[in-house]
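# Geometric and topological summary
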Amino acid sequence: MLTNRFSRVTAGALLSLLVACGGEKAGTTADSTGAKKMRVALLTPGPISDKSWNGIAHEGLLAIRDSLGAETSHIQTKTPAEFDENFRQYGAQGYDLVIGNGFEYQEAATRVAPSYPKTNYVITSGRVTAPNVAGLAFAFEEASYQAGMIAGAMTKTNKIGLIAGTELPPVKTSFLAFERGAKSVNPKVSIITSYIGNWEDVSAGKEQALAQIAQGVDIILQNADAAGLGVFQAAREKKILAFGTNADQNSVAPDVIIASVVIDLPKAFLMVAREVQAGTFKGRVINLGVKDDVVRLVMNPALRERVPAAAIAASDSVGLMLKAGTFTGLADVLQGTDSAKPLPPAK
């Protein structure tokens, strides 16, 4: 999820400038009662204007600010070196919680965290742990499976497209689950997968979508952050359908988005921030999915009537099993096995 962030003078100077612009001061701060205010920082690998992964993370940061009275700071990073630099800067300034929004921040957190034991580091889509490091692992594949069921029932060409920024492990897992869901209701489905190579190039996202559409694809699941906006543009122009991801993107292109596979980052961030504020935070992998109402499939009400009622019922049935922890159709997908063999309809 690498993108253009900010020109670098020196890491320290830039962070100081950004903090100052955000109304934050170095050192300990207090609220009107004199109590120490929690300080929380967010690093994103892409722009918060993407209406997706980074935008919803920023909403989570604002939720911490508004709900817990925390002072907050945000920086958009560019390179792995900047991951380390900014993790260190926030640790040196005594921040209580620093969130790296993405799988790619894991190694930097592992390197930096031991030097700042009083700062807690949380990595979304991550699984690294230490006394002061936790991974927020989202079962994105669960709602992706449900979305696949809807797509498999709706496709008229039996060709469905998958488009992402880069080939990260969480993305691959969700794509496998989506394919498995589609083939569970329609074994004739074939999948075309494309990786753009970045997460912010809207034009490239559109080009990839147009190329897939030219091959007969009539439904696309995109997980491409800002570049995904180009997928929606192509879908609108060619009158095909698409799925939103990460944020509820249904209102971004309500005429083409069937539903959105949503991760409720604000809810997850608040959960962790409350632990930090209470002094109960422990480094671990925090697994969150449909059963926690952190991951969910959100249908677009504007297009709901176009979705076969039987498909919605089948998807909802799987959703109930996921909540109950009784759905087993994703076990081999989570182990990284191939999903080419169709799964029988869920019972």
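Residues numbered from 1 in each chain as written. Predicted model: local features only at pLDDT ≥ 70, side-chain atom pairs only at ≥ 80, totals over all residues. Heavy atoms only, no water.

Looking at an unreviewed UniProt entry, the protein carries the name BMP family protein, with the source organism given as Gemmatimonas groenlandica. The UniProt entry for the protein carries the following text under Sequence similarities (unreviewed entry): "Belongs to the BMP lipoprotein family." One UniProt comment on the protein, placed under Subcellular location (unreviewed entry), says "Cell membrane". (UniProt positions renumbered as here; feature names shortened; annotations may be inferred.)

Below, the discussion takes up the pattern of salt bridges. For the structure on display, the rule yields 13 salt bridges. Residues Arg111 and Asp84 are paired through a salt bridge, measuring 2.8 Å at the closest nitrogen-oxygen approach. Here Asp84 lies in helix 3 (residues 80–92) and Arg111 lies in helix 4 (residues 106–112), a separation of 27 residues in the sequence. With a relative accessible area of 43%, Arg111 lands in the partly exposed category. You can call Asp84 buried: its relative accessible area is 13%. With a closest N to O distance of 2.5 Å, Lys206 and Glu237 form a salt bridge. Here Glu237 lies in helix 8 (residues 228–238) and Lys206 lies in helix 7 (residues 202–214), a separation of 31 residues in the sequence. (Salt bridge = Lys/Arg side-chain N within 4 Å of Asp/Glu carboxyl O. Helix = DSSP H or I, 4+ residues; strand = E, 2+ residues; numbered from the N terminus. Buried < 20%, exposed > 50% of the residue type's maximum accessible area, 1.4 Å probe, protein only.)

Moving on, we get to helix 3. A rise of 1.5 Å per residue sets the reference length of helix 3, with its 13 residues, at 18 Å; its end C-alpha atoms lie 19 Å apart and thus fit the reference within 8%. At the C-terminal side of helix 3, Gly94 shows a positive phi close to 80 degrees. (Expected span 1.5 Å × (residues − 1).)

For helix 6 (residues 169–185), built from 17 residues, the straight-helix expectation of 24 Å at 1.5 Å per residue is met to within 8% by its first-to-last C-alpha distance of 25 Å. Turning to helix 6, its buried residues are Val171, Ser174, Phe175, Ala177, Phe178, Glu179, Arg180, Gly181, Ala182, Lys183 and Ser184.

Counting 70 residues, the largest nonpolar core has Ile64, Leu136, Phe138, Ile150, Phe243 and Ile258 as its most contacted members. If you tally residues by element for this core, the top one is helix 5 (residues 140–154), at 8 residues. Here this core spans two domains, and each of domain 1 (39–138 + 266–288) and domain 2 (140–262 + 300–324) adds at least three residues to it. Contacts of Phe243, omitting those with residues within four sequence positions, involve Ala147, Ile150, Ala151, Phe178, Ile219, Ile220, Leu221, Gln222, Phe232, Ile257, Ile258 and Ala259. In this structure, Ala209, Val217, Ala234 and Val256 belong to the second largest nonpolar core, which totals 20 residues. (Core = buried A, V, L, I, M, F, W, Y, C linked by side-chain atoms within 4.5 Å. Domains from an automatic or database assignment. Contact = heavy atoms within 4.5 Å.)

Moving on, we come to the sheet that holds strand 2 (residues 71–76). The 6 strands are arranged 2-1-3-4-5-11 in an open sheet whose pairing can be described as parallel. Edge positions in the open sheet fall to strand 2 and strand 11 (285–288), since each of these has one partner strand only. Ignoring strand direction, the axes of neighbouring strands in this sheet form an average angle of 20 degrees. Inspection of the sheet shows strand 5 (residues 133–138) paired to strand 11 by 4 bridges, in the parallel sense. (Pairing = 2+ DSSP bridges. Axes fitted to C-alpha atoms, helices over the stretch in contact; angles between N-to-C directions.)

Packed helices, taken two at a time, are described by their axes: the angle between them and the distance between them. Packing of helix 7 against helix 8 brings their axes to within 6 Å, and their N-to-C directions diverge by 40 degrees. Compared by their axis directions, helix 7 and helix 8 come out oblique. Between helix 7 and helix 8 lies a crossing of right-handed hand. Counting all contacts with helix 7, which are made through Val202, Gly205, Lys206, Ala209, Leu210 and Ile213, the residues of helix 8 involved are Leu229, Gly230, Val231, Gln233, Ala234, Glu237 and Lys238. The residue makeup of the contact of helix 7 with helix 8, split by class, is 7 nonpolar, 3 polar and 3 charged. (Parallel < 35°, antiparallel > 145°, perpendicular 65-115°, else oblique. Left-handed = near helix turned anticlockwise from the far one by under 90°. Nonpolar A, V, L, I, M, F, W, Y, C, P; charged D, E, K, R; others polar.)

Before going further, it helps to examine the packing of aromatic side chains. A complete count under the given rule lists 7 aromatic pairs for this structure. A ring pair is formed by Phe87 and Tyr121, whose centres lie 5.3 Å apart and whose planes are at 80 degrees; its orientation type is edge-to-face. One end of the pair, Phe87, is in helix 3; the other, Tyr121, is in strand 4 (residues 120–124), and 34 residues separate them in sequence. Like Phe87, the residue Tyr121 is buried in the burial classification. Ring pairing ties together the aromatic residues Phe83, Phe87, Tyr105 and Tyr121, which thus form one cluster. In this structure, Arg39 is placed above the aromatic ring of Tyr95, and the distance from its NZ or CZ to the ring centre is 4.3 Å. (Phe/Tyr/Trp six-rings, centres within 6.5 Å; stacked < 30°, edge-to-face > 60°. Lys NZ or Arg CZ within 6 Å of the ring centre and 35° of its normal.)

With 5 of 5 residues buried, strand 8 (residues 219–223) lies mostly within the body of the structure. The two faces of strand 8 match: Ile219, Leu221 and Asn223 on one face and Ile220 and Gln222 on the other face are all buried. The pairing of strand 6 (residues 159–164) with strand 8 spans 5 bridges and is parallel. Residue pairing across strands places Gly161 opposite Ile220, the latter belonging to strand 8. Summarising the sheet, strand 8 and strand 9 (residues 241–246) pair through 3 bridges and their orientation is parallel. Considered in strand 9, the bridge of Leu221 is made with Phe243. Once the chain exits strand 8 it traverses helix 8 before rejoining the sheet at strand 9, and the crossover so formed is right-handed. (Right-handed = clockwise from strand over helix to strand, strands pointing away.)

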